[in-house]
Amino acid sequence: MKELLRTTDPTVIAFATVLLEGEGIAAFPLDVHMSVLDGSLGILPRRLMVADQDHFRATAILRDNGIVASP
């Protein structure tokens, strides 16, 4: 698994997940329940992971839709 995206904006995670699933790429959100630790302030970033073999294509899909993937 490789990290594709890291953000504090849950709408970006949701949008990216839908884009990737539409292209047949499974995406796995991590750190979803971290809001318990930060008091629901949204200061801790959430990550979106994809399989190693899908990372290059997933990065291109996000870039084409205006989402900057993690380096």
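Computed from a prediction, not measured in an experiment: that's the story for all the values here.

So, the side chain of H55
Looking at the secondary structure, you find H55 in helix α3 (residues 55–64). In this view, H55 contacts K2, E3, L4 and V50; residues no more than four positions away in its chain are not counted.

Considering the sheet that holds strand β3 (residues 46–50)
Overall, antiparallel pairing links the 3 strands, which are arranged β1-β3-β2 in an open sheet. Each having just a single partner strand, β1 (2–7) and β2 (27–30) make up the two edges of the open sheet. Ignoring which end each strand starts from, the neighbouring axes of this sheet average 25 degrees apart. Against the sheet, helix α1 (residues 10–22) contacts β1, β2 and β3, and its axis sits at roughly 15 degrees relative to β3.

Description of the pattern of salt bridges
Using the criterion set out here, one finds 2 salt bridges in the structure. Close ionic contact of R6 with E3 constitutes a salt bridge, the shortest N to O distance being 2.7 Å. Between D31 and R47 there is a salt bridge, and its shortest N-O distance comes to 2.6 Å. Highlighted residues: D31 in the loop between β2 and α2 (35–38) and R47 in strand β3, separated in sequence by 16 residues. For D31, a relative accessible area of 24% translates into the label partly exposed. R47 gets classed as partly exposed once you look at its relative accessible area, which sits at 23%.

Let's talk about the nonpolar core
Membership of the largest hydrophobic core comes to 15 residues, with the highest contact counts inside it found for L4, L20, L48, V50 and L62. Only β1, α1, β3 and α3 provide two or more residues apiece to this core. At 4 residues, the largest contribution of residues to this core is made by α1. Not counting chain neighbours up to four residues away, the residues in contact with L48 comprise K2, E3, L4, L5, I13, A16, T17, L20, A27, F28 and P29.

The rules behind each value
Residues numbered from 1 in each chain as written. Predicted model: local features only at pLDDT ≥ 70, side-chain atom pairs only at ≥ 80, totals over all residues. Heavy atoms only, no water. Helix = DSSP H or I, 4+ residues; strand = E, 2+ residues; numbered from the N terminus. Contact = heavy atoms within 4.5 Å. Pairing = 2+ DSSP bridges. Axes fitted to C-alpha atoms, helices over the stretch in contact; angles between N-to-C directions. Salt bridge = Lys/Arg side-chain N within 4 Å of Asp/Glu carboxyl O. Buried < 20%, exposed > 50% of the residue type's maximum accessible area, 1.4 Å probe, protein only. Core = buried A, V, L, I, M, F, W, Y, C linked by side-chain atoms within 4.5 Å.

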